[in-house]
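# Structural overview for review
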Amino acid sequence: AASTWDNTLAARLRTILSNGNIEDITEDILPEEMRKLKGLKQSPPHEGLDPLQHTLSVVRILDTQGLSGKLAEYLRTAALFHDIGKLKDPIDINHPITSGTLAQPILVRMGYKPEEIAIIRKLIETHDIFGELIKGYLSVQQVIEELRPPEDSDMTLIELLELCYRLTKADVLAIPGMKQRASKIDQIKRDIEQAIKGLGDVTRGGTVQPSYLIRKL
């Protein structure tokens, strides 16, 4: 069947994400892939949550205060598509990577440039790394490596960390029973910032020095 999500709807959705009028997002202007998330069953701690409604909640409660218009737009866009990969498998722990892949053609249709898509995909694909650090699956250094900005980006590591933190916190706050983890995320962000400053490397495309002491939080 021919796609019903055309360039007009794509442009309208981007305008909403740009101006921040999130209440204007209705199901009929979302890509088909997003609409198909509705009603998918998930595993704990997302059990009982409708993936589409959860996604819209995350976008609504995002903290964009103090961000430039462009960064706020990137953050809202990443939030909107952060769980689209659950369409393939709603219980896949690697869904952030799948989400980035599925979001790619949608972002192209919305008119984002390749360097913008790289940033948005980075945010989508790393939205669970704070949780992986909490569980001990990743070290601080590995998180920093994962957050390294795309080579063509003019963003710094600190800036990307800030956006990832804001997406992660909104994601957690939108899950009942997970709100207690928000303070832990705040502490992790501070620790990662200190680690980055200790490296003396907050420039675009920076490489973390291997001599950095890896420690688990």
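How each quantity is defined
Residues numbered from 1 in each chain as written. Predicted model: local features only at pLDDT ≥ 70, side-chain atom pairs only at ≥ 80, totals over all residues. Heavy atoms only, no water. pLDDT = per-residue confidence, 0-100. Helix = DSSP H or I, 4+ residues; strand = E, 2+ residues; numbered from the N terminus. Contact = heavy atoms within 4.5 Å. 1 Å grid on protein atoms, 1.4 Å probe; cavity = no way out; pocket = protein on both sides within 12 Å on 5 of 7 lines; lining within 4 Å. Points joined across faces, edges and corners; volume = space filled by probe spheres on them. Nonpolar A, V, L, I, M, F, W, Y, C, P; charged D, E, K, R; others polar. Buried < 20%, exposed > 50% of the residue type's maximum accessible area, 1.4 Å probe, protein only.

## Topic: the confidence of the model for the protein chain
- Residue-level pLDDT values for the protein chain average 85, and 87% of them are 70 or greater.
- When pLDDT is averaged over each element of the protein chain, helix α4 (residues 69–81) comes out on top at 97 and helix α10 (residues 182–199) at the bottom at 88.
- Ignoring residues within four places in sequence, the model shows residues 201–217, a span with pLDDT below 50, making 38 contacts including any to other chains.

## As for the layout of surface pockets
- Within this model, the second largest pocket holds a volume of roughly 200 Å³.
- Along its surface, the second largest pocket is lined by 13 residues, and I97, E125, T126, I129 and E146 are the ones closest to its centre.
- The greatest single-element share of the lining of the second largest pocket, amounting to four residues, is contributed by helix α6 (residues 114–125).
- Residue composition of the lining of the second largest pocket, by class: five nonpolar, two polar and six charged.

## Quick word on the environment of L56
- With respect to the helices, strands and loops of the structure, L56 is situated in helix α3 (residues 51–61).
- Taking relative accessible area as the criterion, L56 reaches 9% and is therefore assigned buried.
- Spatially, the C-alpha atom of L56 lies 8.4 Å from that of A79, the residues being 23 residues apart in sequence.
- Not counting the four nearest positions on each side in its chain, L56 is found in contact with I25 and L80.

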